[in-house]
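Each chain, letter by letter, is given below.
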Amino acid sequence: MTAPDEDDASDRALLAAHVAGDPDAFDELVRRHRSRMWAVALRTLGDPEEAADAVQDACVSAFRAAGSYRGEARVTTWLHRVVVNACLDRARRRAVRPTVPLPDQPPADPRDRLAERETGIEVEKGLAALPVEQRIALVLVDLQGLSVAEAAAVLDVPEGTVKSRCSRGRARLAVLLGHLRNPNGSAPVPPGDAPREPDPEGGQP
Amino acid sequence: MSDHLDLDGLADVLAGVAAPEHLDDCPSCRARLAELSAALPAVSASLTALPQPPEPPHLDSLVTAALATARVEQQPTAAPADVVPLAGRRTRSPLLWKAAAGVAAAAVVVAGVVLVAQRGGHDSSQQASRTGYTVSSTGTDYAAGASALSRQLPALLAGTARAAAPVLGMTGTAGAPASKQQLSPMTAPTTDSLAALRTTTGLAQCLAALSDPGQPGIPLALDYARYHGVPALVVVLPSSKTDKVDVFVVGAGCNQVDAKLLFFARLPRP
C-alpha cells in the first residue's frame, strides 16, 4: 500500500464526504480525475464514443461503490481500477479485436513512416493493435506513469504479470514500429513477418 | 535442443519473468534477444512521448448527466418501483465535440420552420413535413427518464403530445390541454426560463451541441417540458441506428459549448 500523500488525503476526504451525503463532493472528485480517466479510456478503447461511455460507466460505478472503498489503495488507483474495468467490460462485450492489423507487407515509404512516427500516429496505431490486456498495462505504466505495483493493484494481477504484459506489448510495438529486423521466432525470418496472434484471453503469465 | 523462443518468450526473458535454458545453447535466440533489448528503450520513449489526449468538451455534460441519473435512481422516493432502470438505457454518448461545425446546419433547419410560421399556416402541413419535426410544449415533468420518454415518444413524433397524466415514471398535470404546435419555436411563450431555447438562434446552438459532427442536426421532435421539476427541453434526434432515436433532455442554457445535458437515452423508434 502506498502511503497517502496530500492529494490522496484530499481525495479520500472527498470520497468520505460523498458517502456521508455531501452532494458536491463526488462531482469535485470527478473533476479532479476526469481527464486521467478519459486518457485511460481513450487509449484503451481507441474510440472516442466508446471511451466517453466508459468514463460515464466508471463514474457511475464509482459513485455507487464509494461506500465500499476501504482505503487499501490510493483513490487514484481505485479510480483507475474502476475505469479499466469499465473499459474491459466494453471491450469484452464488443469482443474487441485489434483495430489495426499486424503488418504483413513491407513498410511503406520510410519518409512517410517517419513523419507519422513524429506525430505519434504510428505509435497510437500500434498501441491500438495490441491485445487489450497488453495495451492496458502499457497505458497504465508507460503512459499514465503508474508503477508496476500500482498497475498490478489496478488490474488485480501479480506484478510479474504486469511486467510480462508490458514487455510483450513493447516487443510487439517494436515489430509494428519497425525496430526489429527479425521479429519472429526462429531465424531466418522474412522481413516484416508478424508475431503470432495473441491469446484472445490475454493469457500471459 | 528445444524450440527457439518466440517474441513473447523473448519479451518475458527481458521482463525477468522467464529464464529458459534454451538461451544458453542458442546463439540465434541470444542475438534476437539482444536486438529486442536494444529496441525496447525507443519503444518506451515513443509511448512516454504520446501527449495526453485532450478531453472532449462534452464529457463534462455527459458525466454530469450520468451522475444525475444515478442520483435519481438512488433516491427511493424519486423512482417508482416499476420504473425501468435507466442505466441500461444509456447506451451511447452523443458526439458533441465538433459542435461548432453543426451550428450552421441546425440554424438552417430552424430557419425553415420559422418560414413555415411566416407563411401563415396555409401550407404549414406540407412545410412541416418537409422540415420534418414537430414542436410541443406539454409541460410534462419527465421524472423517470427513459420510461416516461418512451411512453410519450410516439405522441411527440406524431405531433399529438399532451401534458401527461401521472403514469408510470411520469408526473404531470393530468388532462391539461396540450400546446402541441407544428410551427416555429419562436411563437411559443417566452416568459419562462426556456425562452432562449425558443429563439431560432438559441435552439440552433443547442441542436448543434447535440448533433453528430457532419450530421444536419435536424430533430424529429421537440418538447418544452420539465425534468425532475426543472424546465427542460426534450430533443428527439435520429439515431445512427435506423430503428432507434436519440432522446436528449437538456436544461435551460443549452448552447453549442455546453449542452446542459440532463438525460440521454437511445430508444426504439415507435
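Coordinates for the structure precede this section.
Predicted model, so just to flag it, every value in this text is computed and none were measured. (Residues numbered from 1 in each chain as written. Chains lettered and ligands numbered in written order. Predicted model: local features only at pLDDT ≥ 70, side-chain atom pairs only at ≥ 80, totals over all residues. Heavy atoms only, no water.)

Draft legend 1. The overall build of chain A, seen in detail. Along the backbone of chain A there are nine helices and zero strands. By residue count, 52% of the 205 residues in chain A fall in the buried class. Counting only contacts in chain A whose residues sit at least 6 apart along the sequence, the fraction spanning at least 24 positions is 65%. (Helix = DSSP H or I, 4+ residues; strand = E, 2+ residues; numbered from the N terminus. Buried < 20%, exposed > 50% of the residue type's maximum accessible area, 1.4 Å probe, protein only. Contact = heavy atoms within 4.5 Å.)

Draft legend 2. Seen up close, helix H8 (residues 148–155) of chain A. All names here are of chain A. Among the residues making up H8, those that are buried are Glu150, Ala151, Ala152, Val154 and Leu155. Buried residues along H8 sit in contact with helix H4 (75–93), helix H7 (132–143) and helix H9 (159–176). Positive backbone phi, at 60°, marks Asp156, one or two positions downstream of H8.

Draft legend 3. Just the sheet that holds strand S2 (residues 221–227) of chain B, in detail. Residues and elements named next belong to chain B. Strand order in the open sheet formed by five strands is S1-S2-S3-S4-S5, with mixed pairing between adjacent strands. The sheet is open, and its two borders are formed by strand S1 (134–136) and strand S5 (261–268), each paired with just one other strand. The mean inter-strand angle of the sheet, taken between neighbouring strand axes irrespective of direction, is 20°. (Pairing = 2+ DSSP bridges. Axes fitted to C-alpha atoms, helices over the stretch in contact; angles between N-to-C directions.)

Draft legend 4. Representation of the interface of chain B and chain A in the model. With 47 residues of chain B in contact, the opposing surface of chain A contributes 52 residues. There are five salt bridges connecting chain B and chain A. Where B:Glu55 meets A:Arg34, a salt bridge forms, and the shortest distance between an N and an O atom there is 2.3 Å. Taken together, the connections running from chain B to chain A amount to 11 residue pairs in polar contact (both at pLDDT 80 or more). Mapped by element, the contributors of at least two residues to the side of chain B that touches chain A are helix H1 (7–15), helix H3 (27–49) and helix H4 (59–74) of chain B. With 12 residues, the single largest contributor to the side of chain B that touches chain A is H3(B). Taken together, the residues of the side of chain B that touches chain A sort by class into 26 nonpolar, 10 polar and 11 charged. (Salt bridge = Lys/Arg side-chain N within 4 Å of Asp/Glu carboxyl O. Polar contact = N/O pair within 3.5 Å; in protein donor to acceptor, adjacent residues only side chain to side chain. Nonpolar A, V, L, I, M, F, W, Y, C, P; charged D, E, K, R; others polar.)

Draft legend 5. How the structure looks around the state of the cysteines. Residue and element names in this part refer to chain B. One pass over the structure, following the stated rule, counts one disulfide over all chains. Between the sulfur atoms of Cys206 and its disulfide partner Cys254 the distance amounts to 2.0 Å. Handedness here is read from the sign of the S-S torsion; for Cys206 and Cys254, about 95°, the answer is right-handed. Taken together, the positions of Cys206 in helix H8 (residues 200–210) and Cys254 in the loop between strand S4 (244–251) and S5 put the pair 48 residues apart, joining distant regions of the chain. (Disulfide = S-S within 2.5 Å.)

Draft legend 6. Region of the structure containing the packing of aromatic side chains. Residue and element names in this part refer to chain A. Taken as a whole and assessed by the stated rule, the structure comprises three aromatic pairs over all chains. Here Tyr69 and Trp78 contribute two aromatic rings whose centre-to-centre distance is 5.3 Å and whose plane-to-plane angle is 55°, an arrangement assigned as tilted. Among the residues examined, Tyr69 registers a relative accessible area of 15% and is labelled buried. (Phe/Tyr/Trp six-rings, centres within 6.5 Å; stacked < 30°, edge-to-face > 60°.)

Draft legend 7. Main features of empty space enclosed by the protein. Residue and element names in this part refer to chain A. Considering all chains together, one arrives at four cavities of 30 Å³ or more under this definition. Taken as a whole, the second largest cavity holds about 40 Å³ of empty space. In terms of lining, the second largest cavity is formed by His33, Arg36, Met37, Thr76, Leu79, His80 and Val83. Only helix H2 (25–45) and H4 provide two or more residues apiece to the lining of the second largest cavity. Sort the elements by how many residues they give to the lining of the second largest cavity and H4 lands first, with four residues. (1 Å grid on protein atoms, 1.4 Å probe; cavity = no way out; pocket = protein on both sides within 12 Å on 5 of 7 lines; lining within 4 Å. Points joined across faces, edges and corners; volume = space filled by probe spheres on them.)

Draft legend 8. Layout of the packing of H9(A) against H3(B). With their axes 9 Å apart at the nearest point, H9(A) and H3(B) run at an angle of 95° to one another. It follows from the interaxial angle that H9(A) and H3(B) lie roughly perpendicular. On the side of H9(A), the interface is formed by A:Ser167, A:Arg170, A:Ala171, A:Leu173 and A:Ala174, while H3(B) contributes B:Leu36, B:Ala39, B:Leu40, B:Val43, B:Ser44 and B:Leu47. For the contact of H9(A) with H3(B), the per-class residue count stands at eight nonpolar, two polar and one charged. (Parallel < 35°, antiparallel > 145°, perpendicular 65-115°, else oblique.)

Draft legend 9. Quick look at the pattern of salt bridges. Residues and elements named next belong to chain A. As enumerated under the stated definition, the model contains 17 salt bridges over all chains in all. In this structure, Asp11 engages Arg32 in a salt bridge whose closest nitrogen and oxygen atoms are separated by 2.8 Å. Taken as a pair, Asp11 in helix H1 (residues 6–19) and Arg32 in helix H2 lie far apart in primary sequence, 21 residues in all. Of the residues examined, Arg32 reaches a relative accessible area of 36% and is grouped as partly exposed. With a shortest N-O distance of 3.3 Å, Arg92 and Glu133 are connected by a salt bridge. Residue Arg92 is found in helix H4, and its partner Glu133 is found in helix H7; the two are separated by 41 residues along the sequence. Here the salt bridges share partners, and the residues they tie into one network are Asp11, Glu28, Arg31 and Arg32.

Draft legend 10. Quick peek at the pairing of strand S3 (residues 230–238) of chain B. All names here are of chain B. Where S2 meets S3, seven bridges bridge the pair, whose relative direction is antiparallel. Bridged to Tyr224 within S3 is Leu233. Hairpin connection of S2 to S3: two residues between the antiparallel strands, including His228 at a positive phi of 50°. Both S3 and S4 contribute to a ladder of seven bridges, which runs antiparallel. Following the sheet pairing, Leu233 is matched in S4 by Val250.

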